[in-house]
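Structural features, examined
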Amino acid sequence: MTRIAAVHGVLAPHRHAQQEITDMVAGQCLDAGGDRRALDRLHRGTRVRWRHTALPLDRYGELKDFGAVNDAFLTHALELGAEAVSGALDAAGLSARDVDLLLFTSVTGIAVPSVDARLVGRLGMRPDVRRLPLFGLGCVAGAAGVARLHDYLQGWPEHIAVLLSVELCSLTFQRDDASPANLIATALFGDGAAAAVACGTRRHTAAGAGPTVVASRSRLYPDTERLLGWDVTASGFRVVLDPALPEVVRKNLGDDVDAFLSDHGLTRKDVTAWVSHPGGPKVLDAVAEALDLPDDALDVSRRSLAEVGNLSSASVLHVLRDTLAEGGRPPAGTPGLLLAMGPGFCTELVLLRW
């Protein structure tokens, strides 16, 4: 089985209390002197206390078009991406030249050549490293990326594979847009990155005692394309966020998890750690209800949401890192489930063994 040797998370350099961001959004999205009570209520209701941004808050008003926004994305994605991959490789006791596959995912900016291509020389990776840039998976990509590393390492068990997620969600906030979807997005999302290093069964590292990946399962729900995603406009990515999303989770997730676990001779009661993408408070509540989880089962996800907000695809990797932190590791040999949801609408489930 694939072993996750290390997970390293990083955050954008500018840290703000939620109220600071609320005030910035009021100035950018609402009419001068307008009623901001709904905005304040939305931002308080997310249970997010702090977030990080790639730029100082007063710089966002200077980004006049999608080109300027995307240029900022590329600059800061390279910085955070290099830091995340270097940190993960150091923790795994590996060098950049050990990497055989670099999988990069983001849904908050675009680049050709892709960010992974630009990092190869910067990090000192071999010129024959395989690269796989993924776009469009959104929040689910952290879990799906771990699953795709596992798929690759089944065919190349002597290899090392790295997943890098960089999400600069603050750059997608739409000025002059007071729609509920945009205001909710400005209340939830933050900026950060994460990298995970995985080793095939024939490749061992001196460091790295993370979980093994047993199996994964993808689930795409029909006729849900408008629940979550982007509308690509002249001003950039405009969020699509349907309030029915938590109900889709409640309706489907329990059966999907039960069927997946059953195929491996397990039930929900066997799972010792639920590594869930934090989404938002309503999504986390829906996950807990759908799976009938104990009150504390999603505490790590809830703390991550409060401390850094939703980092899109990077969030579930931050939750995995925190789950593995000293003092919080589940009992050795027990199963865990890593899960995330994203545009499609879809779910990705990854069965772990601690």
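Residues numbered from 1 in each chain as written. Predicted model: local features only at pLDDT ≥ 70, side-chain atom pairs only at ≥ 80, totals over all residues. Heavy atoms only, no water.

Some thoughts on the nonpolar core
If you look at the biggest cluster of nonpolar residues, it comprises 51 residues, and the most contacted ones within it are V85, L89, V115, M125, L164, L171 and V197. Of all the secondary structure elements, the ones that give two or more residues to this core are β1 (2-11), α1 (18-29), α3 (66-92), β4 (101-105), α4 (115-123), β6 (160-168) and β7 (191-199). In terms of residue count, the dominant contributor to this core is α3 (13 residues). In this structure V85 touches L123, M125, V162, L164 and A195, once residues within four positions along its chain are discounted. Listed in part, the 40 residues of the second largest apolar core include C139, W274, V283 and A288. (Core = buried A, V, L, I, M, F, W, Y, C linked by side-chain atoms within 4.5 Å. Buried < 20%, exposed > 50% of the residue type's maximum accessible area, 1.4 Å probe, protein only. Helix = DSSP H or I, 4+ residues; strand = E, 2+ residues; numbered from the N terminus. Contact = heavy atoms within 4.5 Å.)

Remarks on the pairing of strand β10 (residues 236-241)
Looking along a regular strand, one sees side chains alternate from face to face of the sheet. Pairing analysis gives 6 bridges linking strand β9 (residues 228-233) to β10, with the strands arranged antiparallel. Note that in β10 the partner of V232 across the bridge is F237. Connecting the antiparallel pair β9 and β10 is a turn made up of 2 residues. (Pairing = 2+ DSSP bridges.)

Side note on α1
If you check α1, its first and last C-alpha atoms are 16 Å apart, about what 12 residues at 1.5 Å a residue would give, namely 16 Å. Within α1, the full set of buried residues consists of Q18, I21, T22, M24, V25, A26 and C29. Residues of α1 that are buried make contact with β2 (14-17), α2 (37-45), β3 (50-53) and α6 (180-188). (Expected span 1.5 Å × (residues − 1).)

Some remarks on the packing of helix α9 (residues 299-308) against helix α10 (residues 315-324)
Relative to each other, α9 and α10 sit at 125 degrees, their axes nearing to 9 Å. As judged from the angle between their axes, α9 and α10 are oblique. The handedness of the crossing between α9 and α10 is right-handed. Counted together, V300, S301 and S304 of α9 and H318, V319, D322 and T323 of α10 form the full contact between these two elements. Within the contact of α9 with α10, the residues separate by chemical class into 2 nonpolar, 4 polar and 1 charged. (Axes fitted to C-alpha atoms, helices over the stretch in contact; angles between N-to-C directions. Parallel < 35°, antiparallel > 145°, perpendicular 65-115°, else oblique. Left-handed = near helix turned anticlockwise from the far one by under 90°. Nonpolar A, V, L, I, M, F, W, Y, C, P; charged D, E, K, R; others polar.)

So, the pattern of salt bridges
Inspection of every chain in the model, using the stated rule, returns 22 salt bridges. In this structure, D98 and R203 form a salt bridge, with 3.4 Å as the shortest nitrogen-oxygen distance. You can see D98 sitting in the loop between α3 and β4 and its partner R203 sitting in the loop between β7 and β8 (212-220), a full 105 residues away along the chain. Between R250 and E289 there is a salt bridge, with its nearest N and O atoms 2.7 Å apart. (Salt bridge = Lys/Arg side-chain N within 4 Å of Asp/Glu carboxyl O.)

Considering the environment of G344
Note on placement: G344 falls in the loop between β12 (335-342) and β13 (346-353). Residue class for G344 comes out partly exposed when judged on its relative accessible area of 23%. Taking the C-alpha atoms as reference points, G344 and A84, 260 residues apart in sequence, are found 27 Å from one another. Leaving out residues up to four positions away in the same chain, G344 has contacts with L220, Y221, T224, E225 and L228.

What to know about the packing of aromatic side chains
Evaluation of the coordinates by the stated rule reveals 4 aromatic pairs. Pairing W230 with F237 gives two aromatic rings, centres 5.3 Å apart and planes at 20 degrees, and the pair type is stacked. Of the aromatic side chains, those joined through ring pairs into one cluster are F66, F135, W230 and F237. Positioned above the aromatic ring of W50, the side-chain terminus of R15 is 3.8 Å from the ring centre. Cation over ring: R130 sits above W156, and NZ or CZ is 4.6 Å from the ring centre. (Phe/Tyr/Trp six-rings, centres within 6.5 Å; stacked < 30°, edge-to-face > 60°. Lys NZ or Arg CZ within 6 Å of the ring centre and 35° of its normal.)

Focus: the sheet that holds strand β5 (residues 130-134)
Here 9 strands make up an open sheet; going across it, the order is β5-β4-β6-β7-β1-β8-β13-β12-β11 and the pairing mixed. With partners counted over all chains shown, the strands left at the sheet margins are β5 and β11 (273-276), one partner each. The average undirected angle you get between the axes of adjacent strands in this sheet is 20 degrees. Bridge count for β12 against β13 is 8 bridges, and the pairing is antiparallel. What sits directly across from L338, in β13, is V350. Those strands touched by α4 are β4, β5 and β6, and its axis lies near 145 degrees from that of β5. Strands β1, β4, β5, β6, β7, β8, β12 and β13 of the sheet are contacted by helix α5 (residues 141-155), whose axis makes an angle of about 165 degrees with β6.

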